[in-house]
Each structure stands twice: as structure tokens, then as C-alpha cells.
Amino acid sequence: AGDGSGPAPGDGTDPPAPERVLFPPTFSVSEIKNKQRRHFMFLRWKQQQRKEKLALKKKRRKEREALGDKAPPKAIPKTIENQRVYDETTVDPNDEEVAFDEATDEFAPYFNRQTVPKILITTSDRPRGRTVRFCEQLATVIPNSHVYYRRGLALKRIIPQCIARDFTDLIVINEDRKIPNGLVLSHLPDGPTAHFRMSSVRLRKEIKRKGKEPTEHVPEVILNNFTTRLGHSIGRMFAALFPHDPQFIGRQVATFHNQRDYIFFRFHRYIFKSEKKVGIQELGPRFTLKLRSLQKGTFDSKFGEYEWIHKRREMDTNRRKFHL
């Protein structure tokens with residue numbers, strides 16, 4: 001370099017190191033064009049995220065152990081449930097208006113022990129094997145229930161016959177492509193009628209580590225998180241399916257757990273391991289319900305008056321807004 005633009009040879013100076021190539025700040029794995037490389041880099045990124053999260057968790061645990069009693073209280077994680085938008089219809093247990101309405105509604109005879117639940121379980125027209133087995137297993141969960149298979153008979157003709165035979169509730173299991181996908185629950189003789197979308201149906205043989213067949217004892221019923229006026233109505237409909245005074249000697253419990261307006265049904269048996277330790281064993285079946293509508297009176301698809309209808313475009317604008 002005799003022009004003076006660079007270091008002369010033999011003067012002891014090294015050439016400048018090449019600049020380090022850095023990804024732009026907005027770079028993401030999705031920008032990698034090669035599919036296999038993109039998937040590989042994504043897995044590496046997830047693995048690194050898990051390691052950092054675990055290391056941070058261990059560090060915080062050691063700090064809490066070192067501080068002992070002086071450790072600050074644990075922070076409550078933010079979830080969709082505890083960030084729920086306040087609902088004006090949330091029921092106060094001491095509300096006199098709610099107590100009066102519940103004392104005079106359609107379920108009052110059941111809660112006043114004037115009626116004994118008697119349930120008819122039927123299906124859509126010409127059900128397939130999976131729906132039939134589900135109805136039979138559901139009948140072993142709900143005491144005093146009877147299964148009849150419908151063949152071309154309209155519900156409007158079934159309901160008067162049920163009322164004449166002193167049935168208190170009618171359950172209709174609908175199916176699509178051989179899979180149960182809907183449940184209609186109608187309280188007799190004056191309603192109301194609820195229509196649910198059903199999903200995640202698991203029969204007993206499909207449940208891992210299931211217990212033995214359920215006994216004929218009346219199960220205990222647990223209703224969780226039905227907090228609004230609509231939720232109270234749905235909870236009372238489920239409660240009215242089961243007789244009063246559960247037989248605790250059977251150690252069986254039916255649970256309707258509402259979470260984000262999805263109603264999860266589970267049927268368990270208590271297993272007493274010792275005087276202090278208690279386990280649970282699932283008996284099945286299990287399924288998930290999503291309320292689609294609540295109708296006044298018994299089932300009437302044409303002229304029925306609806307108390308509540310789920311409208312997706314209008315009601316599902318906020319993930320933290322729940323109705324039950």
C-alpha cells in the first residue's frame with residue numbers, strides 16, 4: 001500500500017477485524033424461510049425459554065428460603081378468571097330479591113322436597129352405538145333415570161307423555177357423524193329448557209386408570225362457580241336431576257365445574273388411604289358443555305320464548321367477559 005491508504009507491510013500493525021454480523025432487533029424465527037431450519041430453531045428457542053424460566057424459579061425459591069419469615073408474600077399470577085370483567089347479575093348470597101325468585105321459580109317444588117326426580121334420557125332419531133353407550137352410562141350416574149330410544153317421535157309428542165308419567169326432567173342427547181355433540185335439558189312440566197353444545201365426550205373404557213363400575217348409591221353433587229343469575233338457573237337445573245340426601249357410604253360424587261363458561265362434568269369415587277389422606281378415582285363418563293340458549297317453558301323450537309341466547313359476534317368481544 002504505497003499510496004498511504006493502508007498500513008505498510010512490516011510496520012507491526014494488524015488488519016482490522018471483520019465486523020460481527022448481528023440479526024436486526026425485529027428478527028423472529030418465522031422469518032427463516034427453510035421449514036426444517038425454522039422448526040429446529042423454534043425448538044431451540046423454546047428449550048432456552050424453559051431453562052431460563054426454571055433457573056429464575058430456583059433463584060426465587062432460594063431467596064425466599066434465605067429470607068425465611070421475612071420473605072414477601074407470593075405474587076398472585078394473572079389469569080383470565082381473576083381478571084374477569086364484573087357482571088352486574090352476579091348474585092349476592094344475602095340478596096332478598098334473589099331468594100324470593102328462587103323460592104317461587106320452577107325448581108322450588110324440588111328444593112322444597114315436594115317432588116322426587118325422575119329422569120327420561122333419550123336420543124336423536126336413530127342413534128349410533130357411541131351415543132347409545134353414552135346414554136346407558138349417563139343413566140348409571142343419575143339415579144332414577146330411564147333410557148328410551150327415539151325412533152321418529154317428535155319431542156312435542158314425547159313431553160306430554162313424560163308429564164303424564166310423572167317425569168320431572170327430559171334429557172336429549174344429539175349426535176353428528178356418530179359422535180354426541182349436543183344436550184337438551186328440559187325441566188318438566190313448566191320448563192325451562194337449556195340447550196348445550198357437548199364436546200370432549202369420553203366413555204368409561206376410554207378413561208385411563210378408571211375405577212370399578214359405579215354403584216347404585218345416590219351420589220353427592222358439587223356445583224362450582226355458577227355465580228350469576230343465569231349461572232344460578234343452570235346450576236339449579238343440574239341439581240334438580242339428583243335426589244336429596246346423598247348416600248355418602250357410596251363415596252361417589254358428581255361434579256359440574258364452570259370455568260370460563262365451559263361446564264366440565266366429572267364422576268369420581270373417594271378413596272380413603274388413611275385417616276388424613278384421601279384420593280379420588282374417576283369413574284366416567286366425562287364431557288364438557290357450553291350453554292347455547294335458555295328457553296322459557298318446555299321445548300318449542302318455533303314459538304318458544306328465550307331468556308338467553310349465546311350470540312358469538314356480540315358477546316365474545318372480550319375474553320374476560322363470562323356469563324355463568
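Residues numbered from 1 in each chain as written. Predicted model: local features only at pLDDT ≥ 70, side-chain atom pairs only at ≥ 80, totals over all residues. Heavy atoms only, no water.

Where an unreviewed UniProt entry is consulted, the protein appears under the name Ribosome production factor 1, with the organism given as Platysteira castanea. Its UniProt record gives the protein a comment under Subcellular location (unreviewed entry), which states: "Nucleus, Nucleolus". For the record of the protein, the UniProt heading Function (unreviewed entry) holds the text "May be required for ribosome biogenesis." (UniProt positions renumbered as here; feature names shortened; annotations may be inferred.)

### Quick notes on a nonpolar patch on the surface
Nonpolar side chains collect at one region of the surface, where Phe42, Leu43 and Trp45 lie side by side and expose about 300 Å² of accessible area between them. Along the chain, Trp45 turns up in helix α1 (residues 35–67). Trp45 sits in the partly exposed class, given a relative accessible area of 43%. (Patch = residues over 30% accessible without salt bridge, like charges linked within 9 Å, V, L, I, M, F, W, Y side chains within 5 Å. Areas by Shrake-Rupley, 256 points an atom, 1.4 Å probe, with all protein chains shown as cover. Salt bridge = Lys/Arg side-chain N within 4 Å of Asp/Glu carboxyl O. Helix = DSSP H or I, 4+ residues; strand = E, 2+ residues; numbered from the N terminus. Buried < 20%, exposed > 50% of the residue type's maximum accessible area, 1.4 Å probe, protein only.)

### Points about helix α5 (residues 155–164)
Listing the buried residues of α5 in full gives Leu155, Ile158, Ile159 and Cys162. Taken around the axis of α5, the buried residues stretch over an arc of 100 degrees, which confines them to a single face. Along α5, the residues that are exposed and aim more than 90 degrees away from the buried face are Arg157 and Ala164. Where α5 is buried, its residues contact β1 (119–123) and β3 (169–176). (Arc of directions from axis to C-beta. Contact = heavy atoms within 4.5 Å.)

### What to know about the pairing of strand β6 (residues 220–224)
Across five bridges, the pairing between β6 and strand β7 (residues 252–259) is parallel. Counted as the bridge partner of Ile222 is Thr255 from β7. Of the crossover connections in this fold, the one passing from β6 over helix α6 (residues 229–239) to the parallel β7 is left-handed. (Pairing = 2+ DSSP bridges. Right-handed = clockwise from strand over helix to strand, strands pointing away.)

### Here's the deal with the domain arrangement of the protein
Structurally, the protein comprises domain 1 (29–65) and domain 2 (90–316). Placing a centre on the C-alpha atoms of domain 1 and another on those of domain 2 gives a separation of 43 Å. (Domains from an automatic or database assignment.)

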